[in-house]
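If you want the building blocks of each chain, they are given just below.
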Amino acid sequence: MKALLISFVLCTNLLCLSAQTTEIVSADIGFTFVSKDVEGSISGFKSTSHIDLDHIAQSKLQGSVSVATLKTGNFLRDWSLKGSKYFNADEFPEITFESETIRETEKGITVTGKLTLKGVPKTIHIDFIKKEAQWVGSTTLFSSDFGIAIKKERADNKVLVQINLNLAP
């Protein structure tokens, strides 16, 4: 009987010590091509992320979106962007991201990882702010770094990306 009581206490303590974890259930991703003043969105989000809310550095963000879902509000522009000159959706149907480090900051969470777009992997940083069951993030990148030159000058290929990750309750 004493062994049973000790086992019960140990199991209860282990359950109390277990980390609070969650997953990403959906995402809303928007972007702005600054020099063209063009806004858009991309969807088809899939994720195998694991978020440890008690030990954020042990978390892993990993996901993808479908290039075929790229929308800017202009059918001809969307068709052109998905073509081989720009995103090349036939050869590179997904944009992927995998975190390398996740750390808490005074303002929220900074995630550093590899974004692979059009087959080109680049390290980026995404800054998130926690809002209830959502992480609201942003990053800046240059499409020309990924072989997508909308304009000739690198600075004119600046893209602001907004990412809203919806977490499981």
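Let us look at the structure shown here. (Residues numbered from 1 in each chain as written. Predicted model: local features only at pLDDT ≥ 70, side-chain atom pairs only at ≥ 80, totals over all residues. Heavy atoms only, no water.)

## Remarks on the side chain of threonine 22
Line of reasoning, step 1. Note on placement: threonine 22 falls in strand S1 (residues 21-22).
Line of reasoning, step 2. A polar contact of 2.7 Å, which involves the side chain of threonine 22, links it to the backbone oxygen of alanine 168.
Line of reasoning, step 3. Ignoring anything within four residues of it in the chain, the contact list for threonine 22 reads His50, Ile51, Leu53, Leu167 and Ala168. (Helix = DSSP H or I, 4+ residues; strand = E, 2+ residues; numbered from the N terminus. Polar contact = N/O pair within 3.5 Å; in protein donor to acceptor, adjacent residues only side chain to side chain. Contact = heavy atoms within 4.5 Å.)

## Some thoughts on the nonpolar core
Line of reasoning, step 1. The biggest cluster of nonpolar side chains holds 36 residues, and the ones touching the most others in it are Leu61, Phe87, Ile95, Leu115, Phe128, Trp135 and Leu165.
Line of reasoning, step 2. When contributions to this core are tallied by element, the ones reaching two or more residues are strand S2 (24-33), strand S3 (38-42), strand S7 (94-104), strand S8 (109-117), strand S9 (120-131), strand S10 (134-142) and strand S11 (158-167).
Line of reasoning, step 3. When sequence neighbours within four positions are dropped, the list of residues in contact with leucine 165 reads Ile24, Ser26, Ala27, Phe45, Leu61, Phe128, Ala133, Gln134 and Trp135. (Core = buried A, V, L, I, M, F, W, Y, C linked by side-chain atoms within 4.5 Å. Buried < 20%, exposed > 50% of the residue type's maximum accessible area, 1.4 Å probe, protein only.)

## Digging into the packing of aromatic side chains
Line of reasoning, step 1. If you walk through the whole model with that rule in mind, you get two aromatic pairs.
Line of reasoning, step 2. When the ring of phenylalanine 31 is compared with that of phenylalanine 33, the centres are 5.6 Å apart and the planes differ by 75°; the resulting orientation is edge-to-face. Per residue, the accessibility class of phenylalanine 31 equals that of phenylalanine 33, and both read buried.
Line of reasoning, step 3. Geometrically, the ring pair formed by phenylalanine 128 and tryptophan 135 is tilted, given 5.7 Å between the ring centres and 50° between the ring planes.
Line of reasoning, step 4. On the basis of relative accessible area, phenylalanine 128 is assigned to the buried category, the value being 3%. (Phe/Tyr/Trp six-rings, centres within 6.5 Å; stacked < 30°, edge-to-face > 60°.)

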